Amino acid sequence: RREKIDLTVVGPEAALAAGIVDEFEKYGLKIFGPNKKAAQLEASKVFAKQLMEKYKVPTADFRVFDNAAEAKKYIEKIGAPCVVKADGLAAGKGVVVADTVAEAMGAVSAMMEEKVFGAAGSKIIIEECLRGQEASILGFTDSKEVIALASAQDHKRIFDNDLGANTGGMGVYSPAPVVTAPLLKEILEKIVYRAIDGLVKEGIIYKGVLYAGVMLTKDGPKALEFNVRFGDPETQAILPRLKSDLVEVMLAASEQKFSRVRILDWDNRACVCVVCAAGGYPGEYEKGKEILGLEEV
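Small disclaimer: the values here were computed from a predicted structure and weren't measured.

### Quick look at unusual backbone geometry
Logical step 1: Following Ala-80, the chain continues into Pro-81 via a peptide bond in cis, with omega recorded as 0 degrees.
Logical step 2: With respect to the helices and strands, Pro-81 occurs in the loop between helix H5 (68-78) and strand S4 (82-86).
Logical step 3: Between Asp-232 and Pro-233 the backbone carries a cis peptide bond, its omega angle lying at 15 degrees.
Logical step 4: Here Pro-233 shows up in the loop between strand S12 (220-227) and helix H8 (234-238).
Logical step 5: Non-glycine residue Lys-115 carries a positive phi angle of around 55 degrees.
Logical step 6: Looking at the secondary structure, you find Lys-115 in the loop between helix H6 (101-113) and strand S6 (124-128).
Logical step 7: The backbone of Asn-161 sits at a positive phi, close to 60 degrees, despite the residue not being glycine.
Logical step 8: Within the secondary structure layout, Asn-161 lies in the loop between strand S9 (153-159) and strand S10 (163-174).
Logical step 9: On the accessibility criterion, Asn-161 (70% relative accessible area) is exposed.

### As for the nonpolar core
Logical step 1: Judged by nonpolar contacts, the single largest core of 36 residues is most densely connected at Leu-41, Ile-191 and Phe-226.
Logical step 2: When sequence neighbours within four positions are dropped, the list of residues in contact with Leu-41 reads Phe-47, Ala-48, Leu-51, Leu-199, Tyr-206, Leu-210, Phe-226 and Val-228.
Logical step 3: Listed in part, the 24 residues of the second largest apolar core include Leu-138, Ile-147, Val-172 and Val-209.

### Looking at the side chain of Ser-254
Logical step 1: Along the chain, Ser-254 falls in helix H9 (residues 246-254).
Logical step 2: Assessed through its relative accessible area of 13%, Ser-254 is described here as buried.
Logical step 3: In contact with Ser-254, other than residues within four places in its own chain, are Leu-7, Ile-31, Phe-32 and Lys-207.

### Overview of the packing of aromatic side chains
Logical step 1: In total, this model carries five aromatic pairs according to the counting rule given.
Logical step 2: Where Phe-65 meets Tyr-74, the ring centres are 5.2 Å apart and the plane angle is 45 degrees; that geometry is what we call tilted. Of the two residues, Phe-65 and Tyr-74, both sit in the buried class.
Logical step 3: Ring centres 5.6 Å apart and planes at 80 degrees place the aromatic pair Tyr-281 and Tyr-285 in the edge-to-face group.
Logical step 4: Here the aromatic residues Phe-32, Phe-140 and Phe-230 are joined through ring pairs into a cluster of three or more.
Logical step 5: The ring of Tyr-74 carries the charged tip of Arg-63 above its face, separated from the ring centre by 4.6 Å.

### What to know about the sheet that holds strand S5 (residues 95-98)
Logical step 1: As summarised here, the arrangement of the four strands in space is S3-S6-S4-S5, forming an open sheet in which the pairing is antiparallel. What marks the edges here is a single partner per strand, and that holds for strand S3 (62-65) and S5. Looking at each pair of strands side by side, their axes are set apart by 20 degrees on average, direction ignored.
Logical step 2: Taken together, the five bridges between S4 and S6 define a ladder with antiparallel strand orientation. From the neighbouring strand, Val-84 faces S6, where its bridge partner is Ile-126.
Logical step 3: Each of S3, S4, S5 and S6 touches H6; the most contacted strand, S4, lies at about 5 degrees to it.

Here is what the cut-offs are and how they apply
- Residues numbered from 1 in each chain as written.
- Predicted model: local features only at pLDDT ≥ 70, side-chain atom pairs only at ≥ 80, totals over all residues.
- Heavy atoms only, no water.
- Helix = DSSP H or I, 4+ residues; strand = E, 2+ residues; numbered from the N terminus.
- Buried < 20%, exposed > 50% of the residue type's maximum accessible area, 1.4 Å probe, protein only.
- Core = buried A, V, L, I, M, F, W, Y, C linked by side-chain atoms within 4.5 Å.
- Contact = heavy atoms within 4.5 Å.
- Phe/Tyr/Trp six-rings, centres within 6.5 Å; stacked < 30°, edge-to-face > 60°.
- Lys NZ or Arg CZ within 6 Å of the ring centre and 35° of its normal.
- Pairing = 2+ DSSP bridges.
- Axes fitted to C-alpha atoms, helices over the stretch in contact; angles between N-to-C directions.

Now the structure itself:
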């Protein structure tokens, strides 16, 4: 208020989950992002999966656990591969794709007993492991309409050839050739619109950008997860391609006035982002290191 800021754009999920949007709206300040209730789509994987189940958003079969022994018993029953997810926010690292029963058991122990993600692991989800290519679909929404951004494909494993632990994303390119126009239409209809309509039916208005992580399976697209913000590193490859005025779209979404936004205009060239991470990531790694040598690059 002191600096007379016209529009605030929220980047991190933790601030959205804590309700920064509700706080700003209380004072009549314009802010781009979903409110606290809508941010549960990312802040609670249990909330997101239950919403998907209720409103028929195609997704992996799942079970929710708040007890480590029960979760391990279930893993013994279903075997591997399976996916173990911490319920709460874990900076993009609370998901373990376990290829063996031992790996899945270790993930349960780490999340629920060793509390590596703190309270985020007090509840977990165990779900079937979907196979296929992954795509990231982002859309601006004012809770009534959705304007899709260009597609992107994120690569999450730490090492080359899809090996190693899952990260917040090691690189991405846009567009994703695998996402054809008919496929994008199907993803928007079956996943994005159903999720937003489901929220509205629950009395929750979603304004901002919604990110759907989608697996393109042999049975069609299925939702892996939702993020309630611009995805990282997807944004770095998508937004440089946007020729339309970004601020205009964000204002229209936050004011629920999408009717005044035309179709987005895109540069048809491809864009690539490669992530450089400190050694040890996504485990323990040194922080606060100075980045040198960019001139030579």
